[in-house]
Every structure is written in C-alpha cells, then in structure tokens.
Amino acid sequence: GNSVTQMEGPVTLSEEAFLTINCTYTATGYPSLFWYVQYPGEGLQLLLKATKADDKGSNKGFEATYRKETTSFHLEKGSVQVSDSAVYFCALSPDSNYQLIWGAGTKLIIKP
Amino acid sequence: GAVVSQHPSRVICKSGTSVKIECRSLDFQATTMFWYRQFPKQSLMLMATSNEGSKATYEQGVEKDKFLINHASLTLSTLTVTSAHPEDSSFYICSAMYGNTEAFFGQGTRLTVV
C-alpha cells in the first residue's frame, strides 16, 4: 500500500542553522510528492512538490529532491529563520485524483 | 493562492449533541472537497471525498451516518458530526480543488466533546 513516514518532532534549531526533515515513502507506481506547511493558526499550504524521479521542488529557500532509488523526499533549508517555525507535512498522491496520503507532521521550532 | 475558509476554528460541545463544520472556497468554485481528520501526533486521515451535487464517498471505516457531509454548492461543503462523543474529539481539516489542480486547505477545526 501507500504510506509516508517522516521524522518525529519537535525539531528545535537555532536561527541560521541547516535544516533537514526526513521523509520516506512506499507507493506503487509513480506518485507525486509534496511538502505542506502549517503555520500557527493557519491552514495547510503547499510548500513545494515534485512529480517525477530526480525532480527538485523548491520554494522560500526550501528544497526537496524526489529520490526514487531511496524512496525519499527529504526537506532541506540552508539557513532557517524564526518565521519558519511551523508544522511540516510530507505527502504523496498516488494518482491524478489528488487524494493525498500524509505523514504525521514534524513540528519545527526555531529559536532566535 | 486560492483561499479556503473553515468555520469554526474551535468548538466545544456536549456529548450527544451535533456539530456542523463549514468549508467554503472563497475565490474559486470547488468541484471536489475533501474532509480529513487528524489525531494527535498522527497523519491526516482522509474521511471522505465529496463532489458538488452528489453523495460523498466515504473511506473505509468512516461511519457515514455519524459524519454527514453535504456539498450543496460549488463553494460550500459541510461536515456534521452527529451525536458527538468524546472519542470524536479531533482536528478536522477540509480541502477544496477545482478539476485536477492543486488542493487548497482550510485552517482546520478543533472539536472537543465533553
């Protein structure tokens, strides 16, 4: 079946630190992969996505590369800011119907 | 991006009562809406998919008589938790999309049943 596993939080970092949030998946076929972010008190927002192997999604300084060989889609950012504090969700869509399979979410706390 | 408004953001209700949660697409017509439920420290679980003007499709294990979904128009879907019990306490999130474009999410509703 389809599933997404992401690292447990919370992840606490100092401002300007390097961030990695791991995400691995199991899926049949060729899913699309997503990272969503939920800032406090707000809805989920699409952060970035990749639709095929070796694609790199990027937005707001965040990047993630679709690695089919390792079934991974790790989220990275070179220098985090306090404003990046949020919950990050990794998700996959096994088909074009946009029904998403979600990871459990990782809370990120950035301290000044 | 497009805006999806979910209301209320928090609700506390007594056991045995019903609660309605609204999900509105503010600047686009949503042909499809999804309802999710999230337990603490767990993934969002898809409850049902609704298309405007037709009955919702529920995921396995979701009681359709308990979680009533009405997608009455292209901008509004409602989820009614009937005869709520403490085990229904959870975080409910809707999302809306037009065709096969990106899905946009509401801010979620924290339901507490006491």
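Details of the structure are given in the entry above.
Residues numbered from 1 in each chain as written. Chains lettered and ligands numbered in written order. Predicted model: local features only at pLDDT ≥ 70, side-chain atom pairs only at ≥ 80, totals over all residues. Heavy atoms only, no water.

A. The interface of chain B and chain A, seen in detail. Between chain B and chain A, the residue contacts involve 20 residues of the former and 16 residues of the latter. Our count for the contact surface shared by chain B and chain A stands at zero salt bridges. Linking chain B to chain A there are three residue pairs in polar contact (both at pLDDT 80 or more). Those elements that provide at least two residues to the side of chain B that touches chain A are β4 (32-38), β5 (44-51) and β9 (90-97) of chain B. (Contact = heavy atoms within 4.5 Å. Salt bridge = Lys/Arg side-chain N within 4 Å of Asp/Glu carboxyl O. Polar contact = N/O pair within 3.5 Å; in protein donor to acceptor, adjacent residues only side chain to side chain. Helix = DSSP H or I, 4+ residues; strand = E, 2+ residues; numbered from the N terminus.)

B. Representation of the pairing of strand β4 (residues 23-26) of chain A. All names here are of chain A. Residues of β4 alternate between two faces, with Cys-23 and Tyr-25 buried on one and Thr-24 and Thr-26 left unburied on the opposite face. Bridge analysis of strand β1 (residues 3-6) against β4 gives four bridges, and the strand direction is antiparallel. Across the sheet, Val-4 pairs through a bridge with Tyr-25, a residue of β4. (Buried < 20%, exposed > 50% of the residue type's maximum accessible area, 1.4 Å probe, protein only. Pairing = 2+ DSSP bridges.)

C. Seen up close, the sheet that holds strand β7 (residues 67-73) of chain B. All names here are of chain B. With respect to topology, four strands assemble into an open sheet ordered β1-β3-β8-β7, the strand pairing being antiparallel. Of all the strands in the sheet, just β1 (4-7) and β7 have a single pairing partner and so form its edges. Looking at each pair of strands side by side, their axes are set apart by 15 degrees on average, direction ignored. Both strand β3 (residues 19-25) and strand β8 (residues 76-81) contribute to a ladder of six bridges, which runs antiparallel. Bridged to Cys-23 within β8 is Ser-77. (Axes fitted to C-alpha atoms, helices over the stretch in contact; angles between N-to-C directions.)

D. Looking closely at the pattern of salt bridges. Residues and elements named next belong to chain A. A complete count under the given rule lists five salt bridges over all chains for this structure. Salt-bridge contacts for Lys-77 lead to Asp-84; the nearest nitrogen and oxygen are separated by 2.8 Å. This pair shows no difference in class: Lys-77 is buried, exactly as Asp-84 is.

E. Structural view of the environment of B:Met47. Residue and element names in this part refer to chain B. Relative to the elements of secondary structure, Met-47 occurs in strand β5. With 17 residues separating them in the primary sequence, Met-47 and Lys-64 have C-alpha atoms 9.4 Å apart. With residues near it in sequence (within four places) discarded, Met-47 still touches Trp-35, Tyr-36, Arg-37, Thr-57, Tyr-58, Glu-59, Val-62, Phe-67 and Tyr-92.

F. Structural context of the layout of surface pockets. Approximately 840 Å³ is the volume found for the largest pocket. Lining the largest pocket are 30 residues, with A:Gln38, A:Val87, A:Lys107, B:Gln38 and B:Arg110 positioned closest to its centre. Where the lining of the largest pocket is concerned, the elements lending two or more residues are β10 (86-93) and β12 (106-111) of chain A. Taken together, the residues of the lining of the largest pocket sort by class into 12 nonpolar, 12 polar and six charged. Here the second largest pocket is characterised by a volume of approximately 450 Å³. Together, 22 residues line the second largest pocket, and B:Met45, B:Leu46, B:Met47, B:Glu59 and B:Gln60 are the ones closest to its centre. Elements supplying a minimum of two residues to the lining of the second largest pocket: β11 (101-102) of chain A together with β5 of chain B. (1 Å grid on protein atoms, 1.4 Å probe; cavity = no way out; pocket = protein on both sides within 12 Å on 5 of 7 lines; lining within 4 Å. Points joined across faces, edges and corners; volume = space filled by probe spheres on them. Nonpolar A, V, L, I, M, F, W, Y, C, P; charged D, E, K, R; others polar.)

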